[in-house]
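The primary structure of each chain is shown beneath.
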Amino acid sequence: MRNLLIATVFSLLTIGFFTGYSNYGIPQIEPSPPPTEEKLDLGAMTMDQFVALGERVYNGKGTCTLCHTAVGGRAPMLDKAAPVAAKRIADAGYKGKAKDAAEYLRESMLEPSAYVVAGFGKAGTNDTVSPMPNVSGGGIGMSEAEIAAVIAYLQDSSGVEVTVEIPQDVPEEAAEESAEQREPVASPEDAISEFGCGACHKVGDEEGEVGPDLTKIGATRDKAYLRRSILDPNADIGEGFEPDSMPPDYGTQMYASELEMLVDYLAGLK
Ligand code: HEC
Ligand code: HEC
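Residues numbered from 1 in each chain as written. Chains lettered and ligands numbered in written order. Predicted model: local features only at pLDDT ≥ 70, side-chain atom pairs only at ≥ 80, totals over all residues. Heavy atoms only, no water.

### Some remarks on unusual backbone geometry
Glycine aside, residues mostly have negative phi, and peptide bonds are mostly found in the trans state. Filter applied, for reference: Numbering goes from the N terminus for both helices and strands, where a helix is a DSSP run of H or I of at least four residues and a strand is a run of E of at least two. Partly exposed describes any residue whose relative accessible area lies between the buried limit of under 20% and the exposed limit of over 50%, with all areas from a 1.4 Å probe on protein chains only and scaled to the type maximum.
Its identity is not glycine, yet threonine 63 carries a phi of approximately 55°, on the positive side. Residue placement: threonine 63 occurs in the loop between helix 2 (47-59) and helix 3 (64-67). Taking relative accessible area as the criterion, threonine 63 reaches 18% and is therefore assigned buried. Unusually for a residue other than glycine, asparagine 126 sits at a positive phi of about 55°. Looking at where asparagine 126 falls in the secondary structure, it is placed in the loop between helix 5 (101-110) and helix 6 (144-157).

### Quick notes on the coordination of the iron atom of ligand 1
Ideal geometry at a metal gives 109.5 degrees between four tetrahedral donors and either 90 or 180 degrees between six octahedral ones. As a reminder of what qualifies: Listed donor atoms are N, O and S within 2.8 Å of the metal (Na, K and Ca: 3.2 Å). As water is not included, a site may look incomplete. Angle rules define the geometry names used: all angles between 85 and 135 degrees makes four donors tetrahedral, while opposite donors over 155 degrees apart and all other angles between 65 and 115 make four donors square planar and six octahedral, leaving every other case irregular.
Those donors, His68 (NE2) and Met132 (SD), are the protein atoms that reach the iron atom of ligand 1, and they lie 2.0 to 2.1 Å from it. Taken together, the 6 donor atoms coordinating the iron atom of ligand 1 span angles of 89 to 180° at the metal, a pattern that classifies the geometry as octahedral. On the criterion of sequence distance, the pair formed by histidine 68 in the loop between helix 3 and helix 4 (81-90) and methionine 132 in the loop between helix 5 and helix 6 is long-range, its members being 64 residues apart. The buried category is assigned to histidine 68, whose relative accessible area is 15%.

### A few points about the site of ligand 2
What counts is decided by this rule: Near is defined per residue: the residue qualifies when any heavy atom it owns lies within 4 Å of the molecule or strand. We call two N or O atoms a polar contact when they sit within 3.5 Å, provided that within protein one can donate a hydrogen and the other can accept it, with sequence-adjacent residues counted only if both atoms are side-chain atoms. The classification used treats Ala, Val, Leu, Ile, Met, Phe, Trp, Tyr, Cys and Pro as nonpolar, Asp, Glu, Lys and Arg as charged, and all other residues, Gly among them, as polar.
In the neighbourhood of ligand 2, 28 residues make up the surrounding shell, with Cys197, Cys200, His201, Tyr225 and Met246 lying closest. Taking histidine 201, its side chain carries an N or O atom lying 2.8 Å from a nitrogen atom of ligand 2. With 4 residues, the top contributor of residues to the shell around ligand 2 is helix 9 (residues 223-231). Residues that form the shell around ligand 2 fall into these classes: 19 nonpolar, 6 polar and 3 charged.

### Considering the pattern of salt bridges
For the record, the criterion: Here, a salt bridge means any Lys or Arg side-chain nitrogen found within 4 Å of an Asp or Glu carboxyl oxygen.
Per the stated rule, a full pass over the model turns up 5 salt bridges. The partner of lysine 61 in a salt bridge is glutamate 146, and the shortest N-O contact between them spans 2.9 Å. Note that lysine 61 is positioned in the loop between helix 2 and helix 3 and glutamate 146 in helix 6, a separation of 85 residues in sequence. In this structure, arginine 228 engages aspartate 236 in a salt bridge whose closest nitrogen and oxygen atoms are separated by 3.0 Å. The class of arginine 228 is partly exposed, set by a relative accessible area of 37%.

### Section: the site of ligand 1
Close contacts around ligand 1 come from 28 residues, with Cys64, Cys67, His68, Tyr104 and Met132 the closest. Tyrosine 104 is positioned with one of its side-chain polar atoms (N or O) 2.4 Å from an oxygen atom of ligand 1. Side-chain polar atom of serine 130 to an oxygen atom of ligand 1: 2.6 Å apart, as the coordinates give it. Those elements that place two or more of their residues in the shell around ligand 1 are helix 3, helix 4 and helix 5.

### Notes on the packing of helix 2 against helix 6
Note the cut-off: Lines are fitted to the C-alpha atoms to define the axes, a helix being fitted only along its stretch in contact, and any angle between axes, read from their N-to-C directions, falls within 0 to 180 degrees. Each angle gets one of four labels, with under 35 degrees taken as roughly parallel, over 145 as roughly antiparallel, 65 to 115 as roughly perpendicular, and the rest as oblique. The contact definition used throughout considers only heavy atoms, calling two residues in contact when any of these lie within 4.5 Å.
The interhelical angle for the contact between helix 2 and helix 6, taken along N-to-C directions, is 100°, at an axis separation of 7 Å. Classified by the interaxial angle, the pair formed by helix 2 and helix 6 is roughly perpendicular. Seen from helix 2, the contacting residues are Phe50, Val51, Leu53, Gly54, Glu55, Val57 and Tyr58; seen from helix 6, they are Ala145, Glu146, Ala148, Ala149, Val150, Ala152, Tyr153, Leu154 and Asp156. A class-by-class count of the residues in the contact of helix 2 with helix 6 yields 12 nonpolar, 1 polar and 3 charged.

### Let's talk about the environment of glycine 211
Residue placement: glycine 211 occurs in the loop between strand 2 (206-207) and helix 9. On the basis of relative accessible area, glycine 211 is assigned to the buried category, the value being 17%. In sequence terms glycine 211 and histidine 201 are 10 residues apart; their C-alpha atoms lie 5.1 Å from each other. Discounting chain neighbours no more than four positions away, the residues touching glycine 211 are Cys200, His201 and Phe241.

### Description of helix 9
Along helix 9, the residues that are buried comprise Tyr225, Leu226, Arg227, Ile230 and Leu231. The inward-facing, buried residues of helix 9 abut helix 10 (250-253) and helix 11 (256-267).

### Things to note about the coordination of the iron atom of ligand 2
Protein coordination of the iron atom of ligand 2 is provided by His201 (NE2) and Met246 (SD), with donor distances spanning 2.0 to 2.2 Å. Around the iron atom of ligand 2 sit 6 donor atoms; with metal-centred angles ranging over 87 to 178°, the donor geometry is octahedral. Linking histidine 201 in the loop between helix 8 (188-194) and strand 1 (202-203) with methionine 246 in the loop between helix 9 and helix 10, this pair joins segments that are 45 residues apart in sequence. The exposure class assigned to histidine 201 is buried, which follows from its relative accessible area of 11%. Take methionine 246: its relative accessible area is 26%, and that puts it in the partly exposed class.

This is the structure we're talking about:
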């Protein structure tokens, strides 16, 4: 009887282990469902919760802290972002469309080159082109609501009144539909621009400086390594780079065919 019990417990544990292993241990190479937006019950949110959402996006999905940190000096600090924004639009050199600080913050995220903070432009562009990616683009993919939440967070954390409203009419269905209908991109160059790799990497015509230069990556890295670098960026961290620097969710954004096309392309760069 006792032996039977032990055998039963043992087989249950074994089954449990393999179920767990196949669910979590094997990397998901089939990035099947295209991007879905985090479901947000905005209607039920208080402003404090909205600001907290903005803080989470700022520190996580938004990848903002990758560049906007005290170390490295890659981008201006944003702890006084809202008062600074008011000064920017008063600047004679300001050519953007924002009328108030909140609009400036929004424009900074969606059209970073509308105003480039002196000394922070892309190398060789004389501060006319910003190295910051459009945060609604493929690599980061922030939604309208997430952008508004980050503005609320930046206002709150720089000690001014929050002026953005919590969006109530988020066309969730529309967003999901368009995501489902996205056609796979046709070439590796298109994939690089769709997923914003060039914001951080030097590859093709792109000149990103945040991540490793990929122009000869195929000479030192094989396909398995490259695939893992894209699906699970923290698995190997190149020398001189920090973990959590590359968006962690490309596996859910890309179609399998896009991933393989990119891996083949990168492996051929020698
Ligand atoms: C790849 C690096 C990078 C990432 C990622 C990034 N930024 Fe930036 N950002 C910059 C640089 C460089 C500048 C300065 C050049 C310019 O004005 O565009 C800047 C400028 C800004 C400005 C204008 C600051 C000022 O003083 O006028 C704001 C606001 C801003 N970023 C917000 C964000 C937010 C919010 C995120 C995340 C959702 C983000 N950035 C992600 C690099 C980055
Ligand atoms: C927000 C910045 C950012 C974006 C966007 C980004 N990367 Fe990265 N990537 C990094 C950083 C930083 C590293 C080095 C740290 C690490 O390995 O995670 C890296 C590492 C890599 C490596 C490993 C290089 C090596 O020698 O170990 C590959 C390959 C790579 N990225 C490919 C891509 C591709 C392809 C895309 C677009 C689909 C992309 N990255 C988008 C920042 C980024």
